[in-house]
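Secondary and tertiary structure notes
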Amino acid sequence: MFARFRRKRINPVLRDLLQETYLSVNNFIYPLFARSGEGIKDEVASMPGVYQMSIDEIVKECDVLKKLGIRSIILFGIPDVKDSVGSDAMCEHGIIAETVRAVKSAHPDMFVVTDLCFCEYTDHGHCGVLDPVLKTVDNDITLDNLAKQAIVHAKAGVDMIAPSGMMDGMIQAIRGGLDAAGFENLPVMSYSTKFASAYYGPFRDVAESSPSFGDRRSYQMNPANRNEAIAESVADEHEGADILMVKPALAYMDIIRDVKNNTTLPLAVYNVSGEYSMLKMAAKAGVIDYDKVMMETLLGFKRAGADIIITYHAKEAAEILQK
């Protein structure tokens, strides 16, 4: 006798009863990009529906998000002045610290995460202090600066730190700095397996963070390496991360499942700018049903093992989930 799997698919109620994976608005973190000024809300040409915003507009956007049931955001900063070390990122009056204070003052119930890196703040666009001989980021000097940056964010009132620079030892350095400063209860969500991916292109438009020379392959991961990808996340778990992350998501479903199977921590994925923009452009060309493909993509991340999805689709997906 052959198996009749279709028996369980014919009746729609039974299909729903047996569904294994579910999306919830509680799974989403929505990215926001802050810059100085007032009344600024500039759409990014390569990312329809995504904006650079002044702090007052971000505060307003949080009202919109909460009405949709989205209560978690991740902040990126675009400073007025950039320098070789990313000083704005370590300043209590920098763009991110000011944004955190404003959001938490107006929306104390909004869960605020900050991206902890230097690429948006340096004049060379790399993720830390440069080693002039090797012409890449000096790992250990950057670790000290990451700890300083984390403490600035913590004092501003952030709810979670998310270091994204892929420096070796970054979780240990940040955790040690936070604990020594009295922030032992502040969680760290590590970009623990972050690939040197071509999918980041549109993000560099909105965050104004393109490297002025070279690329980031000396610190971000080789997309071809599976075992190393697992090892990176396992190492961050051992160093004290509270949540791990795989970035990008769409081309790395196998890595999401691998990391989930090899670690015990909750797992986030970042549904990155290129993944978002591809769906937007395909919809504009009329070749896909945008809503259905978007929801299928997000469901795929959950099925692969994601507990948290950082996505620019969050508002649109929340509207569909409310219906």
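This write-up is about the structure you can find in this document. Quantities reported herein were computed from a predicted structural model and do not represent experimental measurements.

1. A word on the environment of Pro48
You can see Pro48 is positioned in strand E3 (residues 47–54). A sequence separation of 233 residues divides Pro48 from Met281, and the C-alpha atoms of the two residues are 8.9 Å apart. For Pro48, the residues in contact, after removing those within four places along its chain, are Glu43, Tyr276, Lys280 and Met281.

2. With respect to the pairing of strand E5 (residues 111–116)
Across the six residues that make up E5, a large majority, five, are buried. Relative to E5, strand E4 (residues 72–78) runs parallel, the two being bridged by four bridges. Residue pairing across strands places Leu75 opposite Thr114, the latter belonging to E5. Handedness of the crossover joining E4 and E5 through helix H3 (residues 95–106) is recorded here as right-handed. The pairing of E5 with strand E8 (residues 160–163) spans four bridges and is parallel. Bridge assignment links Val113 to a residue of E8, and that residue is Met160.

3. Here we look at the pattern of salt bridges
Taken as a whole and assessed by the stated rule, the structure comprises twelve salt bridges. Lys41 serves as the salt-bridge partner of Glu61, at 3.9 Å between the closest nitrogen and oxygen. Separated by 20 residues along the polypeptide, Glu61 in helix H2 (residues 55–67) and Lys41 in strand E2 (residues 41–44) bring together distant segments of the chain. Between Glu316 and Lys280 there is a salt bridge, with its nearest N and O atoms 2.6 Å apart. Here Glu316 is found in helix H11 (residues 314–322), whereas its partner Lys280 is found in helix H9 (residues 273–284), with 36 residues between them in sequence. The partly exposed category is assigned to Glu316, whose relative accessible area is 22%. In the salt-bridge network here, residues are joined through shared partners; they are Lys41, Glu61 and Lys315.

4. Digging into the nonpolar core
In terms of nonpolar packing, the biggest core is built from 100 residues, with Ile73, Leu178, Met189, Tyr270 and Leu298 touching the most fellow members. Take this core: its biggest share by element is seven residues, from helix H4 (residues 139–156). If we ignore the near neighbours within four places in the chain, the residues touching Tyr270 are Pro31, Phe76, Tyr191, Phe203, Met245, Val246, Lys247, Pro248, Ala249, Glu275, Ile310 and Tyr312.

5. Examining unusual backbone geometry
Residues other than glycine predominantly adopt negative phi, and peptide bonds predominantly adopt the trans conformation. Residues Lys247 and Pro248 are joined by a peptide bond in cis, for which omega reads -5 degrees. By secondary structure assignment, the location of Pro248 is in the loop between strand E10 (244–247) and helix H8 (253–262). Not every positive phi belongs to a glycine, and Lys135 is a case in point at roughly 55 degrees. Positionally, Lys135 belongs in the loop between strand E6 (130–131) and strand E7 (136–137).

6. What about the side chain of Asp138?
Mapped onto the elements of the fold, Asp138 is located in the loop between E7 and H4. Although Asp138 is buried, it makes no salt bridge; Lys148 carries the closest opposite charge, 12 Å away. Polar contacts involving the side chain of Asp138 include one to the main-chain amide nitrogen of Asp140, which spans 3.3 Å. Here the side chain of Asp138 touches Ile141 through a polar contact of 3.1 Å, landing on its backbone nitrogen.

7. Quick notes on a positive patch on the surface
Together, Arg4, Arg6, Arg7, Lys8 and Arg9 line one region of the surface with positive charge. When you line up the elements, Arg7 lands in the segment before helix H1 (12–17). Accessibility expressed as a relative area gives 55% for Arg7, which makes it exposed.

8. Digging into H4
In this model, H4 (18 residues) spans 26 Å end to end at C-alpha, consistent with the 26 Å of a helix rising 1.5 Å per residue. Along H4, the positions that sit buried rather than exposed are Thr142, Leu143, Asn145, Leu146, Ala147, Gln149, Ala150, Ile151, Val152, His153, Ala154 and Ala156. On its buried side, H4 packs onto H3, E5, E7, E8 and helix H5 (170–180). Phi for Gly157, located one or two positions after H4, is positive at around 110 degrees.

9. Brief notes about H8
Among the residues making up H8, those that are buried are Ile255, Ile256, Asp258 and Val259. For H8, the arc enclosing every buried residue in end-on projection is 165 degrees, short of the 170-degree limit, so these residues lie on one face. Packed against the buried residues of H8 are strand E9 (193–194), helix H7 (226–239), E10, strand E11 (267–271) and helix H10 (290–304).

10. What to know about the packing of aromatic side chains
On inspection of all chains with the given rule, the structure shows seven aromatic pairs. Judged by centre distance (5.1 Å) and plane angle (20 degrees), the ring pair of Phe33 and Phe76 falls under stacked. In this pair, Phe33 sits in strand E1 (residues 28–35) while Phe76 sits in strand E4, placing the two residues 43 residues apart along the sequence. Judged by centre distance (6.3 Å) and plane angle (40 degrees), the ring pair of Tyr191 and Tyr270 falls under tilted. Here Tyr191 is found in the loop between H5 and E9, whereas its partner Tyr270 is found in strand E11, with 79 residues between them in sequence. Comparing Tyr191 with Tyr270 shows no difference in burial state: the two are buried. Here the aromatic residues Phe33, Phe76, Tyr191, Tyr270, Tyr276 and Tyr312 are joined through ring pairs into a cluster of three or more. Directly above the ring of Tyr200 sits Lys194, whose terminal nitrogen or CZ lies 5.9 Å from the centroid. Lys247 extends its terminal NZ or CZ atom over the ring of Tyr270, reaching a point 4.4 Å from the ring centre.

Each value, and the rule that gives it
Residues numbered from 1 in each chain as written. Predicted model: local features only at pLDDT ≥ 70, side-chain atom pairs only at ≥ 80, totals over all residues. Heavy atoms only, no water. Helix = DSSP H or I, 4+ residues; strand = E, 2+ residues; numbered from the N terminus. Contact = heavy atoms within 4.5 Å. Buried < 20%, exposed > 50% of the residue type's maximum accessible area, 1.4 Å probe, protein only. Pairing = 2+ DSSP bridges. Right-handed = clockwise from strand over helix to strand, strands pointing away. Salt bridge = Lys/Arg side-chain N within 4 Å of Asp/Glu carboxyl O. Core = buried A, V, L, I, M, F, W, Y, C linked by side-chain atoms within 4.5 Å. Lys, Arg positive; Asp, Glu negative; His and termini not counted. Polar contact = N/O pair within 3.5 Å; in protein donor to acceptor, adjacent residues only side chain to side chain. Patch = residues over 30% accessible without salt bridge, like charges linked within 9 Å, V, L, I, M, F, W, Y side chains within 5 Å. Areas by Shrake-Rupley, 256 points an atom, 1.4 Å probe, with all protein chains shown as cover. Charge placed at Lys NZ, Arg CZ, Asp CG, Glu CD. Expected span 1.5 Å × (residues − 1). Arc of directions from axis to C-beta. Phe/Tyr/Trp six-rings, centres within 6.5 Å; stacked < 30°, edge-to-face > 60°. Lys NZ or Arg CZ within 6 Å of the ring centre and 35° of its normal.

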